[in-house]
Each structure stands twice: as structure tokens, then as C-alpha cells.
Amino acid sequence: QVQLVESGGGLVQAGGSLRLSCTASGRTFDSYAMGWFRQAPEKERELVTAISWNGGSTYYADSVKGRFTISRDNAKNTVYLQMDGLKPEDTAVYYCAASTYSAYYYYTGERYDAWGQGTQVTVSS
């Protein structure tokens, strides 16, 4: 079973940057895909970005393209989300998730079977 621990959230002004980290333990990290989801108050959870097992394939939601970057360091069992040019509409709880039975990512949360505890990102205007 995979356990995920996130860090790096916080409060930042619009235009600022944050980097989230998610460290995994358990199953071999370099065998499965990872994703970052977010959920704002009264909104549905959405997939922000995802990355394949070796980083060779990535996905970004249109709302974050050009501003967010996902990466992974398999030697450190860690996936990162670099968020630049933050906007107030990026305010949400961010969750990392693992699709531990697939080397390639899916677009829906139901296909991810391990989740982090969530970290709050707040962007002030």
C-alpha cells in the first residue's frame, strides 16, 4: 500500500510562486503515475496535472498551462508541483494522488487509489 505525504502549501500574493512536494512510501515509486488534484470550496475536485511513471508524459489542465510544472524524482520517491504566476482562482486544497496500478495517468480521480492528506494553497489578490 502506498502512503503519500504532502508539503509546501501556504499563503501567497497573486503573481507569486509556491512549490508543493509529495513523498511516497510503500510500493516502488517508479512504477506508477502521479497526479495533482485540487478542490476549491463548493467546487468539484479537478485534475490539475499528471505525470507518467518516468516523467516522459505529462498533462496540464488548460487553466494552469504555462504556469504550473509537474516533475518527479524517482530516486527520492517525490513528485513536485511548481506553481508560478499564481492567481486567486488557484486557491484550493491540493492533493497528490497515485494511480499505483498504472504507469500512465488517468484523467479522473476514480482511477487513483492513493491520496495525500491535502495542503491548502491560498492566493490573495
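Residues numbered from 1 in each chain as written. Predicted model: local features only at pLDDT ≥ 70, side-chain atom pairs only at ≥ 80, totals over all residues. Heavy atoms only, no water.

(A) Main features of the packing of aromatic side chains. Taken as a whole, this structure holds 7 aromatic pairs when the rule is applied. With a centroid separation of 4.9 Å and 80 degrees between ring planes, the pair formed by Y59 and Y107 is classed as edge-to-face. Residue Y59 is found in strand β6 (residues 58-60), and its partner Y107 is found in the loop between β9 (92-99) and β10 (114-115); the two are separated by 48 residues along the sequence. In this structure Y59 comes out as partly exposed when scored by relative accessible area, which is 24%. Positioned above the aromatic ring of F29, the side-chain terminus of R72 is 4.3 Å from the ring centre. The aromatic ring of Y106 is capped on one face by R111, whose charged end is 4.0 Å from the ring centroid. (Phe/Tyr/Trp six-rings, centres within 6.5 Å; stacked < 30°, edge-to-face > 60°. Helix = DSSP H or I, 4+ residues; strand = E, 2+ residues; numbered from the N terminus. Buried < 20%, exposed > 50% of the residue type's maximum accessible area, 1.4 Å probe, protein only. Lys NZ or Arg CZ within 6 Å of the ring centre and 35° of its normal.)

(B) Quick peek at the pairing of strand β3 (residues 18-25). Sheet topology note: the strand β1 (residues 3-7)/β3 ladder contains 5 bridges and is antiparallel. From the neighbouring strand, L4 faces β3, where its bridge partner is A24. Pairing between β3 and strand β8 (residues 78-83): 6 bridges, direction antiparallel. The partner of C22 across the bridge, within β8, is V79. (Pairing = 2+ DSSP bridges.)

(C) Inspection of the pattern of salt bridges at higher detail. Counted according to the given criterion, the structure contains 4 salt bridges. Two residues, R38 and E46, come together in a salt bridge whose shortest N-O distance is 2.6 Å. On the basis of relative accessible area, R38 is assigned to the buried category, the value being 6%. Residue E46 is classed as partly exposed on the basis of its relative accessible area of 32%. Here K65 ties to D62 by a salt bridge, and the two come within 3.2 Å at their closest N and O atoms. A relative accessible area of 65% means that D62 is categorised as exposed. The structure contains a network of salt bridges with shared partners spanning R38, E46, R67 and D90. (Salt bridge = Lys/Arg side-chain N within 4 Å of Asp/Glu carboxyl O.)

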